[in-house]
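Single-letter residue listing:
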Amino acid sequence: MDHIVLLTGAGISAESGLGTFRDADGLWTRYDLADVATPEGYVRDPDLVLDFYNARRRNCAEAAPNAAHRALARLAEAARVTLITQNIDDLHERGGSGEVIHMHGEIMRALCGNCGHRWGWRGDMGRADRCPSCQSTGSVRPDVVWFGEIPYHLERISAALSSADLFVAIGTSGAVYPAAGFVSEARALGVETLEINLDPSEVAGQFDRQILGKATETVPLWVEGLLS
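Residues numbered from 1 in each chain as written. Predicted model: local features only at pLDDT ≥ 70, side-chain atom pairs only at ≥ 80, totals over all residues. Heavy atoms only, no water.

**Considerations on the packing of aromatic side chains**
Cut-off, in case you're wondering: Here a Phe, Tyr or Trp ring, Trp counted by its six-membered ring, pairs with any other such ring whose centre lies within 6.5 Å, and the pair is stacked when the planes are under 30 degrees apart, edge-to-face when over 60, and tilted otherwise. Exposure classes here rest on a 1.4 Å probe applied to the protein chains alone. A residue is buried below 20% of its type maximum, exposed above 50%, and partly exposed in between. The way it works is that DSSP assigns letters per residue, a run of H or I at least four long becomes a helix, a run of E at least two long becomes a strand, and they are numbered from the N terminus.
A full pass over the atoms with the stated rule returns five aromatic pairs. When the centroid spacing of 4.9 Å and the interplanar angle of 85 degrees are considered together, the rings of Phe52 and Tyr53 count as edge-to-face. For the pair Phe52 and Tyr53, one class covers both residues: buried. With a centroid separation of 6.4 Å and 15 degrees between ring planes, the pair formed by Phe167 and Phe207 is classed as stacked. Taken together, the residues span a long stretch of sequence, with Phe167 in strand S7 (residues 166-170) and Phe207 in the loop between strand S8 (192-197) and strand S9 (209-212) at a distance of 40 residues. The pair formed by Phe167 and Phe207 is uniform in burial state, with each residue classed as buried. Among the aromatic side chains, those forming a connected cluster through ring pairs are Tyr42, Phe52, Tyr53 and Trp146.

Printed below as a string of C-alpha cells:
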C-alpha cells in the first residue's frame, strides 16, 4: 500500500481505561451532552463543563498507550500513513506516533474563546485562568470541538482521502459526522476500505471488509500481516 489513511475512535483507547461515550454504560449515559459538550452548555454553567473536562484530563494523564496505539506507530515507521483521530487524548503520541490529526481537538490543550490562542495545558482548568496571549480571564476552555462546532483539519483530511490506497476505521461508532462519512467518501474515490472494531459500527455495511475483536488484539495482528 502506498498511502494508508487511518481513522481512530474511542474504541482504540477503551482498553487503556478511557471511557467511551456511546456504549451502554458510556459517558453520555451519565451526562447530558447539551450540558457538557456544547458552547451553550459552557455559557450556562462553565464550572460544570470545566470540571467534566478536568476529570477527563486527569483520566487521560493516568492512562497509558496500549498495544493498538503502539502497533499503528510501528506501521507509520514502515509505510506512508495519515493518522486521523476523533479522540481528544494523547495516547497515539505517547504510543510513538509522530504526527496525529486531532479532528476533535485535544484535552491537553487550551483555547481562548476571546482571541483564539491555543496552548498546551496539563492541570485542572478554572474560570480564573488567564490567556497568555490576550490576558483575558473567563475565556479559557479546553481545546476540544463541541457539538455544533466545526471539526478541525477537514480540508487536510479530504486531501489525504483523495490520495489514499486504503482507508481503515478503528474503534469508531460510525455515529458522529463528518467522520462517519469518511468511508463513503473513500468508496466514491475508489479507495479500499476496512473496519476494525469490537462490534460492527453504524456504517459497517459501507466497508469492503471487517475485522472484529478487541483493538489490542486485532490491530497488532493486522499491522504484523501488512509488514510481513
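After presenting the structure, the write-up continues.
**Regarding the side chain of Ser97**
Basically, it comes down to this: A contact between two residues is defined here by any heavy atoms of the two lying within 4.5 Å.
Mapped onto the secondary structure, Ser97 falls in the loop between helix H5 (91-94) and strand S3 (101-102). If we ignore the near neighbours within four places in the chain, the residues touching Ser97 are Leu72, Ala73, Leu83 and His92.

**Brief notes about unusual backbone geometry**
Note that the residue after Tyr177, namely Pro178, is joined by a cis bond; omega there is 15 degrees. Here Pro178 lies in the loop between S7 and helix H7 (182-188). The residue Gln135 is not glycine, and still its phi comes out positive at about 65 degrees. If you trace the backbone, Gln135 turns up in the loop between strand S5 (118-120) and strand S6 (140-144).

**Some thoughts on helix H3 (residues 46-62)**
Heads up, the condition is: Expected span of a helix, by definition, is 1.5 Å for each gap between consecutive residues, and there is one gap fewer than residues.
Taking 1.5 Å of rise per residue, 17 residues should cover 24 Å, and H3 covers 24 Å from first to last C-alpha, within 8% of that figure. Taken together, the buried positions of H3 are occupied by Pro46, Val49, Leu50, Phe52, Tyr53, Asn54, Arg56, Arg57 and Cys60. The secondary structure elements touched by the buried residues of H3 are helix H1 (33-36), helix H2 (39-44), H5, strand S4 (105-112) and S6.

**Concerning the sheet that holds strand S2 (residues 81-85)**
The condition that has to hold: Two strands are said to pair when DSSP picks up at least two bridges between them. Under this scheme, a helix contributes an axis fitted over its contacting stretch, all axes are lines through C-alpha atoms, and angles between N-to-C directions fall in the 0 to 180 degree range.
The six strands are arranged S3-S2-S1-S7-S8-S9 in an open sheet whose pairing can be described as parallel. Each end of this open sheet is capped by a strand with a single partner; those strands are S3 and S9. In this structure, strand S1 (residues 4-8) lies alongside S2, joined through five bridges in parallel fashion. The residue of S2 that forms the bridge with Val5 is Thr82. Contacts from helix H4 (residues 67-78) reach S1, S2 and S7 within the one sheet, and its direction differs from that of S1 by about 160 degrees.

**A few points about the packing of H4 against helix H8 (residues 215-227)**
Threshold: Any angle from 65 to 115 degrees is called roughly perpendicular, while one under 35 is roughly parallel, one over 145 is roughly antiparallel, and all others are oblique. Should the near helix be turned counterclockwise from the far one by less than a right angle, the crossing is left-handed, whereas a clockwise turn marks it as right-handed.
As a packed pair, H4 and H8 sit with axes 8 Å apart at the nearest point and diverge in direction by 20 degrees. In terms of orientation, H4 lies roughly parallel with respect to H8. The crossing of H4 and H8 is left-handed. Here H4 contributes Ala67, Ala68, Ala71, Leu72, Arg74, Leu75 and Ala78 to the contact with H8, which in turn contributes Ala215, Thr216, Val219, Pro220, Trp222, Val223, Leu226 and Leu227.

**Some thoughts on the environment of Ala175**
Structurally, Ala175 is set in the loop between S7 and H7. In the structure, Ala175 is positioned 27 residues away from Glu202 in sequence and 6.2 Å away in space, judged by C-alpha atoms.

**Some details on the environment of Ile196**
Here Ile196 shows up in strand S8. Considering only alpha carbons, one finds Ile196 and Val168, 28 residues apart in sequence, at a separation of 7.3 Å. In contact with Ile196, not counting residues within four places along its chain, are Val168, Ala169, Ile170, Gly171, Ile211, Thr218, Val219 and Trp222.

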